[in-house]
Amino acid sequence: MTLPALRRIALSTGVELDVAIAGDPTQPPVILLHGFPESHRTWRGILPDLARDHYVVAPDQRGFARSSKPDGVEAYAADAILADLIALADRLAIDRFTLVGHDWGGAIAWMAALARPDRVARLVIVNAPHPFLFQRALFDDPAQRAASQYIRRFRDTTIDQGLTGAGLERFFGSTFAQHVTQAIAGPDKAAYLDEWAQPGAMTAMLNWYRASGVIVPAPDEVPPRPAFLDRPFPPVTQDTLVIWGIRDRALLPALVDDLGPYVPRLTVAKIDAGHFVPWEAPEAVVAAMRDWRI
């Protein structure tokens, strides 16, 4: 499907983001946040449908594609990325909005819903774990801990030097394309390889993992347990739709099955797809959103 041309938008946070915008600004606003290792292209099968009756905003987040890539791991801390989201909404004169996030975009969306309920009116999460449940699983669920060891690999800065040229081709096949049942080829593959080849892009994208405070123990490690895991955790107050590709090999089913106590106003839609469900089953994602009355 055709995506709108990107607009370059300078934010008060000091970064510039490329942003796909579609739909009538008088219609209800929806902001779409992609994850790793993607861009606004995550939403190519979803954005055009939403734009029929919504004002849809899909940025390339900091560090990705041709958006700004500040130096240093600390520039990719979650609070800096959340600040970009709010600054983008301010720049477009959007007050309250529905927030949709996949993967890392979903992690930011969970955080935004908890921290800024004054701005996030409704929440849609696509294969992104709730922060409390994810950290708890990494300590208490050996299967989830094993499935998350890739995070430790991505935090190793020595891998960056190999992510050029043929290394990008290997990265495409090993971390992205192999998880999508429908082949990504031709213009789609070329577009992603071009985005990843932008100066500093791979390091900036991986810095999201490096800046994260999530503790990922080694499989046989017994680290100190974070105190917050044994304390009450605040609920998400918004109406929330969680769309979950049930064949996700990195994020296991318990992460969604245990959500109820933490998301009282929860709807779950399970889809026969893997982690990159917006790529694999966009029609099903749209249908779930429409059934939820986005």
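Cut-offs applied
Residues numbered from 1 in each chain as written. Predicted model: local features only at pLDDT ≥ 70, side-chain atom pairs only at ≥ 80, totals over all residues. Heavy atoms only, no water. Helix = DSSP H or I, 4+ residues; strand = E, 2+ residues; numbered from the N terminus. Rg over C-alpha atoms; globule rule 2.2 N^0.38 Å. Contact = heavy atoms within 4.5 Å. Areas by Shrake-Rupley, 256 points an atom, 1.4 Å probe, with all protein chains shown as cover. Lys, Arg positive; Asp, Glu negative; His and termini not counted. Charge placed at Lys NZ, Arg CZ, Asp CG, Glu CD. Core = buried A, V, L, I, M, F, W, Y, C linked by side-chain atoms within 4.5 Å. Buried < 20%, exposed > 50% of the residue type's maximum accessible area, 1.4 Å probe, protein only. Salt bridge = Lys/Arg side-chain N within 4 Å of Asp/Glu carboxyl O.

## What about the overall build of the chain?
- For the chain, the helix and strand inventory stands at twelve helices and eight strands.
- For a compact globule of 294 residues, the expected C-alpha radius of gyration is about 19 Å, and the chain comes in at 18 Å, within 12% of that figure.
- By its C-alpha atoms, the chain is 55 × 45 × 40 Å across when sized along the principal axes.
- Taking contacts inside the chain between residues at least 6 apart in sequence as the whole, the part at least 24 apart equals 77%.
- Summed over all atoms, the accessible surface of the chain reaches about 12,200 Å², with 54% contributed by carbon and sulfur.
- If you average the places of the 29 positive and of the 34 negative side-chain charges in the chain, the two averages end up 1 Å apart.

## A short note on the nonpolar core
- Phe 36, Val 57, Leu 99 and Trp 110 are the most contacted members of the largest nonpolar core, which has 70 residues in total.
- Among all residues touching Leu 99, those that are not within four sequence positions of it are Ile 31, Leu 33, Leu 85, Ala 109, Ala 112, Val 120, Arg 122, Leu 123 and Val 124.
- By size, the runner-up hydrophobic cluster in this structure holds 28 residues, among which are Ala 20, Ile 46, Ala 51 and Met 289.

## What about the pattern of salt bridges?
- Within the structure shown, the criterion is met by 19 salt bridges.
- A salt bridge links Arg 290 to Asp 53; its shortest N-O distance comes to 2.9 Å. Of this pair, Arg 290 sits in helix α12 (residues 282–291) while Asp 53 sits in the loop between α1 (47–50) and β4 (55–59), and the two are 237 residues apart along the sequence.
- Among the ionic pairs, Glu 221 bridges to Arg 152, the shortest N-O distance being 4.0 Å. Linking Glu 221 in the loop between α9 (201–211) and β7 (239–245) with Arg 152 in helix α6 (residues 149–154), this pair joins segments that are 69 residues apart in sequence.
- You can call Glu 221 partly exposed: its relative accessible area is 35%.
- Linked through salt bridges whose partners overlap, the residues forming this network are Asp 49, Arg 52, Asp 53 and Arg 290.

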